[in-house]
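Analysis of the macromolecular model
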Amino acid sequence: ELARVLGYPHIAARLTLGPLDAAGVLQAFDRHAQIVDEPAARAGITCSDPDDQKFIDLAIAHQAPLLSKDNAILCMKKQLLTLGVCAQIAIELVA
């Protein structure tokens, strides 16, 4: 998903302003990512965007913070917090 998003034209344009290209962002992400062997079970709450449900499920299953700029996720902040997940807006670095 991250590799796909980094290819969006408006994101790719922003990457030219910083120290990392798309490959560098993916490498940095990989250094901090924890791979899980199984897909997370379906959470008890449903995201309005089916494409984002996997992120909700993973965050709840692993009690991981959820950073996003997606309104479908951010509007669920209170519901997620009741399940032990802190969802917050991902910041955008401005050059």
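Remember, predicted model here, so these are calculated numbers, not experimental data.

Some details on the overall build of the protein
For the protein, the count of helices and strands is six helices and two strands. Order of helices (α) and strands (β) in the protein, N terminus to C terminus: α-α-α-α-β-α-α-β. The principal-axis extents of the C-alpha atoms in the protein amount to approximately 40 × 30 × 20 Å. For the protein, the residues scored as buried account for 24% of the 95 residues in total.

With respect to helix α4 (residues 53–62)
For α4, the complete set of buried residues consists of Gln53, Ile56, Asp57, Ala59 and Ile60. Angular distribution of buried residues about the axis of α4 spans 165 degrees; they occupy a single face of the element. In this structure, the buried side of α4 is in contact with β1 (66–68), α5 (71–74) and α6 (77–82). Count one or two residues on from α4 and you reach Gln63, which has phi positive near 50 degrees.

Section: the nonpolar core
By size, the foremost hydrophobic cluster in this structure holds 13 residues, and its most contacted members are Ile56, Ile60, Leu66 and Leu80. Of all the secondary structure elements, the ones that give two or more residues to this core are α4 and α5. When residues in this core are grouped by element, the largest group, three residues, is from α4. Among all residues touching Ile60, those that are not within four sequence positions of it are Ala43, Ile45, Leu80, Leu83 and Val85.

Some points on the environment of Val85
Assignment of secondary structure puts Val85 in the loop between α6 and β2 (87–89). Along the primary structure Val85 and Gln63 are separated by 22 residues, whereas in three dimensions their C-alpha atoms are 5.6 Å apart. Among all residues touching Val85, those that are not within four sequence positions of it are Ala59, Ile60, Gln63, Ala64, Leu66 and Leu80.

A closer look at the state of the cysteines
Summed over the entire model, instances satisfying the criterion amount to zero disulfides. Looking at Cys75, it has no disulfide partner, and the nearest cysteine sulfur is the one in Cys47, 6.8 Å off. The exposure class assigned to Cys75 is exposed, which follows from its relative accessible area of 60%.

With respect to helix α3 (residues 22–32)
Buried within α3 we find Gly24, Val25 and Ala28. End-on, the buried residues of α3 take up no more than an arc of 100 degrees, which puts them together on one face. α3 presents Gln27 and Asp30 as exposed residues on the side facing more than 90 degrees away from its buried surface. On the buried face of α3, the contacting elements are α1 (2–6) and α2 (9–15).

Definitions and limits used
- One numbering rule holds for all chains: residues counted from 1, following each sequence as written.
- Confidence filtering applies because this is a predicted model: local features only for residues at pLDDT of at least 70, side-chain atom pairs given and counted only at 80 or more, and all residues used for totals across whole chains, interfaces and linings.
- Side-chain measures here rest on the full set of heavy atoms in the structure, leaving out hydrogens and waters.
- The numbering of helices and of strands both runs from the N terminus, where a helix is a DSSP run of H or I of at least 4 residues and a strand a run of E of at least 2.
- Summary of the burial criterion: residues with accessible area below 20% of their type's maximum are buried, those above 50% are exposed, and those between are partly exposed, where the area comes from a 1.4 Å probe applied to protein chains only.
- By definition, the arc is the one covered by directions from the helix axis to the C-beta atoms.
- Whether two residues are in contact is decided by their heavy atoms, any of which lying within 4.5 Å being enough.
- By nonpolar core we mean a set of buried residues, namely Ala, Val, Leu, Ile, Met, Phe, Trp, Tyr and Cys, connected to one another through side-chain atoms within 4.5 Å.
- Cysteine sulfur atoms that come within 2.5 Å of each other are treated as a disulfide pair.

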